[in-house]
Amino acid sequence: MQVLGSLWFMLLAFCVAIRIGSFAEPWPSLLSSVCLAVFYILLAALIMTRSPAKAHADGALPRIAAFVGSYLPWTITFFGKTEQALPNLASTTCVLIGMIMMLVTIRHLGRSFSLVPQARSVVQTGPYRWIKHPLYFAEEIVIVGVVLQYLTPLTVIVLVLHIGVQVCRILYEEDLLRRMCPEYSSYEASRWRLVPYVW
């Protein structure tokens, strides 16, 4: 599964790189495409280097939610791309911010990164001091950036569906961590899930 997951993101990076190679895009569009390709390569590398889990979530639903949440939004890359400067510049901003947040988060998360809800350890440093799921938050910022590159009513629907699936993933992950990591209960009592003072 690690190899297949990694290959999927490498395929997406390749698809974006083909467009970059054409050099037919205006520079805002080209810049947003480069940022997106780099993000896909980072995801592929993270999937390939993660450590073994102590435990996995039970049942098919957590796995389905993880699969849909991980791969559905990235199919947006196959839609028609907008050439307008403003959405592409906004997209570049979102992808860069999300990517920087992801790198900072991964520095603290280390090899505990996973797609399917898995228990490895309870990380409490870096952005995990303030929210329980900073990696999901960073990913959503990037996905908003991707939607801005491929802005249509359909891609907005994909974004809304993805947010719903991510909420399910968060709940499955928390349930597993409560059961497998005794220190998680005290940790979660003092942290917001995703957005401080909201949820």
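Residues numbered from 1 in each chain as written. Predicted model: local features only at pLDDT ≥ 70, side-chain atom pairs only at ≥ 80, totals over all residues. Heavy atoms only, no water.

Chemist: I'm lost on the overall build of the protein in this one. Help?
Modeler: The number of helices and strands found in the protein is seven helices and two strands. Sequence separation of 24 or more characterises 80% of the internal contacts of the protein that already satisfy a separation of 6 or more. With the model as given, the accessible surface of the protein reaches about 9,700 Å², and the carbon-plus-sulfur share is 74%. (Helix = DSSP H or I, 4+ residues; strand = E, 2+ residues; numbered from the N terminus. Contact = heavy atoms within 4.5 Å. Areas by Shrake-Rupley, 256 points an atom, 1.4 Å probe, with all protein chains shown as cover.)

Chemist: It is not clear to me how the packing of aromatic side chains should be interpreted in this structure. Could you clarify?
Modeler: Each pair of aromatic rings is reported with the distance of its centres and the angle of its planes. By the definition in use, this model includes two aromatic pairs. With a centroid separation of 5.6 Å and an interplanar angle of 50°, the aromatic rings of Trp-192 and Tyr-197 are classed as tilted. Relative accessible area serves as the criterion here: at 35%, Trp-192 is assigned to the partly exposed category. On the basis of relative accessibility, which here comes to 73%, the residue Tyr-197 falls in the exposed class. (Phe/Tyr/Trp six-rings, centres within 6.5 Å; stacked < 30°, edge-to-face > 60°. Buried < 20%, exposed > 50% of the residue type's maximum accessible area, 1.4 Å probe, protein only.)

Chemist: Would you explain the environment of Ile-64 in this entry?
Modeler: Relative to the helices and strands, Ile-64 resides in helix 3 (residues 60-71). We classify Ile-64 as partly exposed; its relative accessible area is 47%.

Chemist: Help me understand the environment of Ile-41, please; the structure alone is not making it clear to me.
Modeler: Within the secondary structure, Ile-41 sits in helix 2 (residues 27-49). Judged by relative accessible area, which is 43%, Ile-41 ranks as partly exposed. Distance from Ile-41 to Met-10, taken between C-alpha atoms, is 6.0 Å for residues 31 residues apart in sequence. With sequence-adjacent residues up to four places away left out, Ile-41 is seen in contact with Met-10 and Ala-13.

Chemist: Before we go on, may I ask you to explain the pattern of salt bridges in this structure?
Modeler: Side chains that differ in sign of charge can pair as their charged atoms come close. A complete count under the given rule lists six salt bridges for this structure. Glu-188 serves as the salt-bridge partner of Lys-132, at 3.5 Å between the closest nitrogen and oxygen. On the criterion of sequence distance, the pair formed by Lys-132 in the loop between strand 2 (118-119) and helix 5 (134-149) and Glu-188 in helix 7 (residues 184-189) is long-range, its members being 56 residues apart. For the residue pair Lys-132 and Glu-188, the accessibility class agrees, reading buried in each case. A salt bridge links Arg-178 to Glu-188; its shortest N-O distance comes to 2.6 Å. Placement of Arg-178 in helix 6 (residues 153-180) and of Glu-188 in helix 7 is noted, with a sequence separation of 10 residues between them. Arg-178 gets classed as partly exposed once you look at its relative accessible area, which sits at 34%. (Salt bridge = Lys/Arg side-chain N within 4 Å of Asp/Glu carboxyl O.)

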